[in-house]
Amino acid sequence: MIRNILGSVVALTGAASAVLSPFRDWYGGRAGQDYRVADLFEGITPAESGVLVSILLPFLGAALLVVLGVVLRSRLVVALAGLVVLGFTILWMVRQGQTAGSLVVGGDGAGLQVGVVNALAGGVLMLIGALLMTGRRGRRERERERKPVEPFAVPAADQVDTWPPTQEPGMSVQTSPWPEPEVDPYTGPDPRGPRDARTRSYPQAAPHPEDDPRDPVHPPHRPPPPPQG
C-alpha cells in the first residue's frame, strides 16, 4: 500500500514536469510548444506551431496515461507513459542535432535549455514511479487472503492420532489407559543356573515363588532330617 502511494506521487510529479516542459525554452530561446509533432518525423523547420499540434500533445497523452495507471494501479501503463515522454524528447534531440549540426549546452541560451531537462526528468520520474509501485494483486492472492483459516478439527474417537493434531499418521501417544508394567531391575546371574545353548530358546516354566532365593518373605525350604530310630 505504501509503495503504491509513493510510486503514484513520483509518477504524477514526473507527469507534471513533462506537461510544463513545452512552455519553457528548449533550444536557442525557442519554447517547446513552437515545435510541431510533424517536425519530429519530417525535420525541424522555423515555422511556428499551434499548442494543440505541438510537442505538448504527446506529453498530455502521457500524463493521461499516468493518471489512468495510478487509478488502476497498473505499473505497465505508468511505465509506458514514461517511455512515450523519453521517446519523443530523444527524437526531438536527434532532429534538432541534424538541423543545427550539433547539440550544445550553453548558459547564454544558445544551446539546450531547461525545457529539455524538465522533459527528460519527467520521463525518468515516471519510470521510477512504475518501479516503486507494487501493482494490483492477482485474483488468486485476493481469494487466498479472503479465505478464512480453518482450525484443526478434533480427530474422531476411532482414529489413532495425537492431540493436538500433528497432521502426521501414526499411533497416539498412549494407546492404553493402564500403566506400563514395571521391569525387574535385577541384573545378576540366572538363579536357575546355566542353560544349554541348544535348549536356551525352549520355553521355561516360571519358578515357584517359594523356590525363589531372592524372595525374602518365602525363603527356600530344606528337606526335613531323617527320623532317628
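The following refers to the structure shown. Throughout this description, residue numbers start from 1 for each chain and increase along the sequence as written. Thresholds applied to this predicted model are a pLDDT of at least 70 for local features of residues and 80 or more for the giving and counting of side-chain atom pairs; totals over whole chains, interfaces and linings are not thresholded and use all residues. Excluded from the side-chain calculations are hydrogens and water; all other atoms, namely the structure's heavy atoms, are used.

Looking now at the overall build of the chain. Looking only at helices and strands, one finds six helices and two strands in the chain. For helices the rule is a DSSP run of H or I covering at least 4 residues; for strands it is a run of E covering at least 2, with both sets numbered from the N terminus onward. Its helices and strands in sequence order give the chain the pattern α-β-β-α-α-α-α-α, from N to C terminus. Residue exposure (1.4 Å probe, protein chains only): buried if accessible area is under 20% of the type maximum, exposed if over 50%, otherwise partly exposed. Here the chain, with 229 residues, has 28% of them falling under the buried criterion. Taking the contacts inside the chain whose residues are at least 6 apart along the sequence as the reference set, 62% of them involve residues at least 24 apart. Under the convention used here, a 1.4 Å probe and the Shrake-Rupley method define accessible areas, while residue burial counts only the protein chains that appear. Carbon together with sulfur atoms contributes 63% to the accessible area of the chain, which is approximately 16500 Å² in total. In this description, contact between two residues means that some pair of their heavy atoms is separated by no more than 4.5 Å.

This part takes up the packing of helix α1 (residues 2-20) against helix α5 (residues 114-132). For any two helices packed against each other, the geometry is given by the interaxial angle and the distance between the axes. Angles shown run from 0 to 180 degrees and are taken between the N-to-C directions of axes, each axis being a line fitted to C-alpha atoms and, for helices, limited to the stretch in contact. Across the interface, α1 lies against α5 with an axial gap of 7 Å and an inter-helix angle of 165 degrees. Here α5 runs roughly antiparallel to α1, going by the angle between their axes. Between α1 and α5 lies a crossing of left-handed hand. Residues Arg3, Leu6, Gly7, Val10, Ala11, Thr13, Gly14, Ala15, Ser17 and Ala18 of α1 form the contact with α5, whose participating residues are Asn118, Gly122, Leu125, Met126, Ile128, Gly129, Leu131 and Leu132. Any angle between 65 and 115 degrees counts as roughly perpendicular, while under 35 counts as roughly parallel, over 145 as roughly antiparallel, and the rest as oblique. Crossing handedness: left-handed means the near helix sits turned counterclockwise from the far one by under a right angle, and right-handed means the same turn made clockwise.

Turning next to the pattern of salt bridges. The term salt bridge refers to a side-chain nitrogen of Lys or Arg lying within 4 Å of a carboxyl oxygen of Asp or Glu. This model, assessed by the stated rule, comprises one salt bridge. Its salt-bridge partner being Arg36, residue Asp39 comes within 2.9 Å of it at the nearest N-O pair. Judged by its relative accessible area of 0%, Asp39 is buried. Judged by relative accessible area, which is 29%, Arg36 ranks as partly exposed.

For the rest of this paragraph, the subject is α1. How far a helix is expected to stretch is found by multiplying one less than its residue total by 1.5 Å. Along its 19 residues, α1 runs 27 Å from first to last C-alpha, staying within 8% of the 27 Å computed at 1.5 Å per residue. By the burial criterion, the buried members of α1 are Asn4, Gly7, Ser8, Val10, Ala11, Gly14, Ala15, Ser17, Ala18 and Val19. Where α1 is buried, its residues meet α3 (56-72), α4 (75-100) and α5.

Patch membership needs two things, relative accessible area over 30% and no salt bridge, and members are linked within 9 Å if like-charged or within 5 Å if nonpolar (Val, Leu, Ile, Met, Phe, Trp, Tyr). Judged by side-chain polarity, Leu12, Val67, Leu68, Val71 and Leu72 come together as a nonpolar surface patch covering roughly 420 Å² of accessible area. With four residues, the top contributor of residues to the nonpolar patch is α3. By the element assignment, Leu12 lies in helix α1. Leu12 sits in the partly exposed class, given a relative accessible area of 38%.

Of note in this structure, Arg73 is not a glycine but carries a positive phi near 55 degrees. Summarising the element assignment, Arg73 is placed in the loop between α3 and α4. A relative accessible area of 38% means that Arg73 is categorised as partly exposed.

Now for the nonpolar core. Judged by nonpolar contacts, the single largest core of 26 residues is most densely connected at Trp26, Trp92 and Met126. Here Trp92 is in contact with Trp26, Tyr27, Tyr35, Leu40, Ile44, Ile55, Leu112 and Val116, once residues within four sequence places are set aside. Joining through side-chain atoms within 4.5 Å is the link that ties buried Ala, Val, Leu, Ile, Met, Phe, Trp, Tyr and Cys residues into a set, and such a set is a nonpolar core.

When the terminal C-alpha atoms of α4 are compared, their 38 Å separation across 26 residues agrees well with the 38 Å that a helix rising 1.5 Å per residue should span. For α4, the set of buried residues is Val77, Val78, Ala79, Ala81, Gly82, Val85, Leu86, Thr89, Trp92, Gln96 and Gly97. Contact partners of the buried residues in α4: α1, β1 (25-27), α2 (39-42), α3 and α5. One or two positions beyond α4, positive phi appears at Gly101, with a value near 90 degrees.

Once that is clear, we can look at the packing of aromatic side chains. Note on aromatic pairs: each is described by the distance of the centres and the angle between the planes. The aromatic pairing rule takes the rings of Phe, Tyr and Trp, using the six-membered ring of Trp, and pairs them if the centres are within 6.5 Å, calling planes under 30 degrees apart stacked, those over 60 edge-to-face and the rest tilted. Taken as a whole and judged by the stated rule, the model has four aromatic pairs. Ring geometry for Tyr35 against Trp92: centres 5.5 Å apart, planes inclined by 80 degrees, an arrangement best described as edge-to-face. Highlighted residues: Tyr35 in the loop between β2 (30-31) and α2 and Trp92 in helix α4, separated in sequence by 57 residues. Across this residue pair, the class does not change: Tyr35 and Trp92 are buried. Aromatic ring contacts, followed pair by pair, group Trp26, Tyr27, Tyr35, Phe59 and Trp92 into a single cluster. In this scheme, the term charge over a ring applies when either NZ of a lysine or CZ of an arginine sits within 6 Å of the ring centre and within 35 degrees of the ring normal. A cation over a ring is seen here: Arg30 above Tyr35, with NZ or CZ 4.3 Å from the ring centre.

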